[in-house]
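Letter by letter, the chains look like this.
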Amino acid sequence: MGCGASRSLDYSSDISQQWDSVQKTIEVKQQKKKLVIKRVGWKTVRIFVSSTFKDFHAEREVLIKEVFPDLRAWCEKRRLYLVDVDLRWGVPKDTTSEDTLRLCLGEIDRCYSDNIMPFFLNMTSERCGWVPGSMEVPENLHQEYRWINGLSVTEMEIMHGSYRKDNYNSIFAIRDASFLDSVPVKYHNDFVDSNPVAPHKLKMLKGMLSERFPDNRVFTYKCSFGGISVDTGKVQMEGLDQFKKVIFEFFKTRIAEQYPLDANIKLDPYELQREAHDSFMKSRSVSVIGRNDVLQRMEDFLTGVSTGVPLLLLGGPGSGKSSIMAKVSDIAVSRAANGQIPGGGDKDWHVFYHFVGAIPGSTDVEKMLKRLLKEMKVCKDSNMPKDYETTAQLVGSTLSNPNSTPVIIFIDALNQLNEEKTTSILSWLPRKLAPQVRCIFSMIDETPPHRLLKDRNLKPEEEIVTPLDMDSRKEIVCDVLGRYNKRLDEEQMATLLGKESSQNPLWLAIACEELRVYGDFSTINSKITALSDGLLNLLSQVLGRFEKENGGYLVVATLSLLECSSNGLLETELLSILGDESNMAILKTGYASSENKKTTRGDPLPAIKWSMVYRALRPFLRPFGDSGEGRLDFYHRSLSKSVRQKYFGLQPGQESSLDNKMGKWWHTRLADFFEMEQNMDRKVEEYLYQLVKIGDQEKLARCLGEWPVLDRLFEADYSSQLLAYWRKCEESDGKYTKMEQCYKDSLKELEQRPGISQEEVSMRYETIARVFIQAGLYNESKDLIDVAVTLEQEHLGSRPERMVEHYALLAELWDELCKLHDFINPDQLNELRPAIDFGLKSIKIRETLDGDEHKYKMANSVMRLSFNLNNWAECGGDSNRSEQEAQDESFVQADEAIRLFKEIGDLGKEAEASMTKAIVFPRGDEEQIQWYELAREQCQQAYGENCKLMTRIMSNIGIYYEDKRDYQTAYTYFVKWHEVSTEVFGEQHPKTKSAFSCINEPRYLQIKERLSRQRQEQR
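Just so you know, these numbers come straight off a predicted model, no measurement behind them.

Draft legend 1. Seen up close, the overall build of the protein chain. For the protein chain, the count of helices and strands is 41 helices and 14 strands. For the protein chain, the C-alpha atoms occupy an extent of roughly 125 × 75 × 60 Å along the three principal directions. Buried residues in the protein chain amount to 53% of all 1019 residues. Put simply, the protein chain shows about 46,200 Å² of open surface, and 48% of that area lies on carbon and sulfur atoms. Averaging the coordinates of the 135 positive side-chain charges in the protein chain and doing the same for the 155 negative ones gives two points 3 Å apart.

Right, dumping it as structure tokens:
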């Protein structure tokens, strides 16, 4: 046998040994069950493309330009974001072998993180690619990925992404070797590996793939030479239709099976928020070092006797408050589930946790409070409060009510909630909590919320997060560096921990990360010495290194875009913006010009460039999946501050990024990008925010006038966000002039649109009418409702389910007009008449309709009708409805409202109906006080002492005794009215001031003085 044959046998033997080693690393012989992940929101799907680069240029082109765009469009219809991971542009020349290998395998790790089982495509032909030598694979990477010596990088991608786990989301495309017959000889070197071992390796690989995976996941395709591209000079291929079809159908099927979307399921935003906070809690509670004493005292607070006040966890930025809060939340969930928290009576404890800044929208205090009400089952969607003030009042009454569900509330970074609402941010927190309510809040000390809580008569308990002691600091350093088989000697450890900022866990974690990625151990001492003291200083130093080593201006652009975004950006959005070179002009030339703005989007940033940026920034970005859709944002607020300081020139305390060229540039780039956004949810969330930031009132008004935008901002009860945006478009008078004209013009345009249905026109008129009522444009609203009613009657058959809403809306409109009168007088009859008539019409139709929603709406309509009929009687009535007739009918409607709310099981609304019935009785009647006391008892049970309804009840009872001329008793209730109003509304609220004015009338000041003398005499 000749030498060639002998060497061939050696190759075969070596390759067989390699695959024997592979077989020993198999984790799952055969996956018996495919993963199904139920979801209702958006989700990111990543597809990793594995192959040698040079010989698969043509296939990758059709994937990127044809297959993936079609698949992406299909995914978006199913609320999925598709990200294709294509590393074909190669690795920079100065990149180390370790970095190159980590780049390839690290991208597969991200696929595991996002999708549990990666969506993986491998293409194989006649090249095996780079086979790293044993000295080129570092020991730590060898252990981490169980590297098999002798395998190529592409083969290791297959091992890690599919082979070892029998990944059912993987597919393998093997190109038939016959294609070479059609390729000119001079191009063969691009398609055939010169390494003599390659044919043997490839034969074994193809055989092992066919043996390991079923036929539908390993397929052979044919193609032929298609000429040379004029643009690239690369070989093109023909006959790839089968290749494209098989891959498209495979991933379409697997994605649909793994992420089924039930279109019938109504998205519950509150549940989605809870899941996102749960994910954040679990990720941050894994390792909390050096805080055992703090954790124990917080546990004691939860399990001890209630003190009626919250516990505050106080500390500076980066002191570890979030990790402590996450850990205690996790402990509380476990203890509550096992019945280990006393004090809840016969009810189970509910644990509510909210990490401000952890997910998009988490800084919105109103959304947070509504989620709390939903989780405590205080409200359903149908009776959720419509504005912040009402929501805050209901939460306050719930948390002070001894009959409420036992609840433990964790809010991390309380001081970061809606900074523009600082003055009212704690109006929802009662002065004294009910015995079965525990609250723990973390915040930076001496921030406005901390000072507000300290100023209360009942002081909160405080737990200070002290600087880390030396042992804890050493443990953190050893833990972080030990994960990567690295350690510091005693001298190096002493130098690092000798820095003052090493007492701060975040500073220490960042410093360890800097040391971990530092490659020259011989100069590590100098590196440690050079680490900047101070959290923001160290972050600035790290960002500078990122710029130098990982993409330069791309790092700056990424950080700037995230800082200027509303609530973070999707990876697909970042790649698209970064891929447009014109967006980088300010970083490359320093010249900011908005001329020649593109109206279409170009190619995204190549994956290889983005991977370098992402790998550098990853420790500082929120982990993938926290928002449920793969959104990127800063992991910690300190990084945001550092970016503003380093790149925008903003000093601490300066929040606006529009006072400088860089801030304006990036806000404008984001506005331009989202102006073309097809996903309306993202457009509404980001584009409007950017327009406000750059002060473009014209575009903001134009966008708000688009029907899809209105659909997403409109709320039937109160469209707070929509109206807030319109106020940004108006001048200082706040009259909604632009909004009125815009929507009237939009309605006219809609009516003239070819093929538009009368149904849609009618619905649009009704929607705009509701918006106008919410904005106080009552007369303008009436004209629109009249059009909607006419359309329904003349063209749509007067359908009961639609007419009832029109009549109810008209009743609401006239009821609002009635409230414009300061006092009840006969002039009010002009507004009361249509309010009553339309109320009766809506009730008559509603009685014929089934469903809890109709019953609840009818109960509210009946209660409103009873109140208006009573006002009609007090105005003296008229010839069509006398005073007595109105009075008698008012009683009937009040009783009906009580009956309906009792059937629904809403004790709070039943209390309001009982109060309404009391009002209907003649002033000073004995039965009136009985119904007031019943309403008070029901209100106390449903909401507790401190609630909005109780202020009305106390005021009315005081008026009752005032009518009876029992002024001392009246004074007692008016004082209670003032006390409850102060608790619910705050001292400066107009309603509290009204109560204060009442008890300071001369008559009641005399009573106050007399009662004070009596108390002194009794002493």
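Draft legend 2. Highlighting the packing of helix α31 (residues 778-795) against helix α32 (residues 800-818). It is at 10 Å that the axes of α31 and α32 come closest, and there the two elements cross at 165°. The orientation of α31 with respect to α32, classified from their angle, is roughly antiparallel. Classified by chirality, the crossing of α32 by α31 is left-handed. Along its contact with α31, which presents Y778, S781, K782, I785, A788, V789, E792 and Q793, the element α32 presents R802, M803, H806, Y807, L809, L810, L813, W814, E816 and L817. Class assignment of the residues belonging to the contact of α31 with α32 gives a composition of eleven nonpolar, three polar and four charged.

Draft legend 3. Structural context of the pattern of salt bridges. Counted according to the given criterion, the structure contains 64 salt bridges. Here D278 and K282 are joined by a salt bridge, their closest N and O atoms 2.9 Å apart. Taken together, the residues D278 and K282, both in helix α8 (residues 269-284) and four residues apart, mark about one turn of the helix. Connected via shared salt-bridge partners are E766, R770, R802, E805, R846, E853 and K857.

Draft legend 4. Region of interest: helix α39 (residues 967-985). If you check α39, its first and last C-alpha atoms are 25 Å apart, about what 19 residues at 1.5 Å a residue would give, namely 27 Å. Among all positions of α39, only A970, Y971, Y973, F974, W977, H978, V980, S981, T982, E983, V984 and F985 are buried. Of the surrounding secondary structure, the elements contacted by the buried residues of α39 are α12 (388-399), α37 (926-943), α38 (948-963), α40 (990-999) and α41 (1002-1018). Phi turns positive one or two residues past the end of α39, at G986, with a value near 95°.

Draft legend 5. Quick look at the sheet that holds strand β11 (residues 437-443). One open sheet accounts for five strands, arranged β9-β10-β11-β8-β12; its pairing is parallel. Strand pairing shows two members of the sheet lacking a second neighbour, β9 (350-355) and β12 (461-464), which therefore form its edges. For this sheet, the mean inter-axis angle between neighbouring strands, taken without regard to orientation, is 15°. In this sheet, β12 lies alongside strand β8 (residues 311-314) in parallel orientation, the contact comprising four bridges. Opposite L311, over in β12, you have E461 as the bridge partner.

Draft legend 6. Molecular detail of the sheet that holds strand β5 (residues 218-221). Strands sit in the order β2-β1-β3-β4-β5 across an open sheet of five strands; the sheet is parallel. Both edges of this open sheet fall to β2 (80-85) and β5, since each of them pairs with a single strand only. Here the average twist between neighbouring strands, direction ignored, is 20°. Sheet analysis places strand β4 (residues 170-175) next to β5, joined by four bridges and oriented parallel. By the bridge assignment, R175 is partnered in β5 with Y221. Helix-sheet contacts for helix α2 (residues 57-77) involve β1 (43-50), β2, β3 (119-124), β4 and β5, and the interaxial angle to β2 is about 165°. In the packing of helix α6 (residues 198-212) onto the sheet, contacts are made with β3, β4 and β5, and the angle to β3 comes to roughly 140°.

Draft legend 7. Spotlight on the environment of G239. Relative to the assigned elements, G239 resides in the loop between β7 (235-238) and α7 (241-258). Beyond its immediate sequence surroundings of up to four residues, G239 is in contact with K222 and C223.

Draft legend 8. View of helix α22 (residues 607-617). Burial within α22 is extensive, with eight of its eleven residues counted as buried. Where α22 is concerned, the buried positions are A607, I608, W610, S611, V613, Y614, A616 and L617. Each element contacted by the buried residues of α22 is listed here: α3 (97-115), α18 (535-549), α19 (553-564), α20 (571-579) and β14 (631-632).

Draft legend 9. Seen up close, the packing of helix α36 (residues 907-920) against α37. Where α36 meets α37, the closest approach of the two axes is 8 Å, and the angle between their N-to-C directions is 165°. Here α37 runs roughly antiparallel to α36, going by the angle between their axes. For the crossing formed where α36 meets α37, the hand is left-handed. Together, L907, G908, K909, E910, A911, S914, M915, K917, A918 and I919 of α36 and Q928, W931, Y932, L934, A935, Q938, C939, Q941, A942 and Y943 of α37 make up the contact between the two elements. Partitioned by chemical class, the residues of the contact of α36 with α37 number twelve nonpolar, five polar and three charged.

Draft legend 10. The arrangement of the environment of G498 in detail. Position of G498 relative to the elements: it lies in the loop between α15 (490-497) and α16 (505-516). Separated by 31 residues in sequence, G498 and T529 have C-alpha atoms that sit 9.8 Å apart.

Draft legend 11. Up close: the nonpolar core. If you look at the biggest cluster of nonpolar residues, it comprises 115 residues, and the most contacted ones within it are L496, W666, L704, W726, M739 and Y743. Element by element, the count of residues in this core is highest for α32, at nine residues. Counting 90 residues, the second largest nonpolar core, distinct from the first, contains L312, V356, L414 and I929.

Draft legend 12. Representation of unusual backbone geometry within the structure. The phi torsion at K377 lies on the positive side, around 60°, for a residue other than glycine. You can see K377 is positioned in the loop between α11 (365-375) and α12. Judged by its relative accessible area of 74%, K377 is exposed.

Draft legend 13. View of the pairing of β1. Taking burial as the measure, the eight residues of β1 include eight buried ones, the bulk of the element. Side chains of β1 alternate between two faces, with K43, V45, I47 and V49 and T44, R46, F48 and S50 buried alike. When β1 meets β2, the two strands line up parallel, connected through six bridges. By the bridge assignment, K43 is partnered in β2 with L80. With α2 bridging β1 and the parallel β2, this β-α-β connection has right-handed handedness. Where β1 lies against β3, four bridges are found, and the strand directions are parallel. Across the sheet, S50 pairs through a bridge with N122, a residue of β3.

Draft legend 14. Representation of the packing of aromatic side chains in the model. Taken as a whole and judged by the stated rule, the model has 25 aromatic pairs. Arranged with centres 5.5 Å apart and planes meeting at 70°, the rings of W19 and Y163 form a pair that is edge-to-face. Of this pair, W19 sits in helix α1 (residues 3-24) while Y163 sits in the loop between α5 (153-161) and β4; the two residues are 144 residues apart in sequence, bridging distant segments of the chain. Assessed through its relative accessible area of 3%, W19 is described here as buried. Each residue in the set W19, F48, F120, Y163, F172 and F213 is aromatic and connected to the rest through ring pairs, giving one cluster. Lying across the ring of F56, R175 places its NZ or CZ 4.2 Å from the centre.

Draft legend 15. Layout of the side chain of T558. Along the chain, T558 turns up in helix α19. The class of T558 is buried, set by a relative accessible area of 1%. Residues contacting T558, with those up to four places away along its chain left out, are L574, L578, W610, V613 and L617.

Draft legend 16. View of the environment of K33. Within the secondary structure, K33 sits in the loop between α1 and β1. Owing to a relative accessible area of 69%, K33 belongs among the exposed residues under this scheme. Placed 572 residues apart in sequence, K33 and L605 show a C-alpha to C-alpha distance of 37 Å.

Draft legend 17. Quick peek at the confidence of the model for the protein chain. Mean pLDDT over the protein chain stands at 87; residues scoring 70 or higher make up 92%. This model gives residues 1-7 a pLDDT under 50, and the stretch forms two contacts once residues within four places in sequence are excluded. Here residues 89-93 scores under 50 on pLDDT; set against residues more than four positions off or in separate chains, the count is eight contacts.

Draft legend 18. Region of the structure containing the pairing of β11. Most of β11 sits out of view: seven of its seven residues are buried. Alternating residues of β11 divide into V437, C439, F441 and M443 and R438, I440 and S442, and every residue in both groups is buried. Both β8 and β11 contribute to a ladder of four bridges, which runs parallel. Bridge pairing in β11 places L312 opposite F441. Sheet topology places strand β10 (residues 407-412) next to β11; five bridges connect them, and they run parallel. In the sheet register, I409 faces β11, and the bridge partner there is C439.

Cut-offs used in this document
- Residues numbered from 1 in each chain as written.
- Predicted model: local features only at pLDDT ≥ 70, side-chain atom pairs only at ≥ 80, totals over all residues.
- Heavy atoms only, no water.
- Helix = DSSP H or I, 4+ residues; strand = E, 2+ residues; numbered from the N terminus.
- Buried < 20%, exposed > 50% of the residue type's maximum accessible area, 1.4 Å probe, protein only.
- Areas by Shrake-Rupley, 256 points an atom, 1.4 Å probe, with all protein chains shown as cover.
- Lys, Arg positive; Asp, Glu negative; His and termini not counted.
- Charge placed at Lys NZ, Arg CZ, Asp CG, Glu CD.
- Axes fitted to C-alpha atoms, helices over the stretch in contact; angles between N-to-C directions.
- Parallel < 35°, antiparallel > 145°, perpendicular 65-115°, else oblique.
- Left-handed = near helix turned anticlockwise from the far one by under 90°.
- Contact = heavy atoms within 4.5 Å.
- Nonpolar A, V, L, I, M, F, W, Y, C, P; charged D, E, K, R; others polar.
- Salt bridge = Lys/Arg side-chain N within 4 Å of Asp/Glu carboxyl O.
- Expected span 1.5 Å × (residues − 1).
- Pairing = 2+ DSSP bridges.
- Core = buried A, V, L, I, M, F, W, Y, C linked by side-chain atoms within 4.5 Å.
- Right-handed = clockwise from strand over helix to strand, strands pointing away.
- Phe/Tyr/Trp six-rings, centres within 6.5 Å; stacked < 30°, edge-to-face > 60°.
- Lys NZ or Arg CZ within 6 Å of the ring centre and 35° of its normal.
- pLDDT = per-residue confidence, 0-100.

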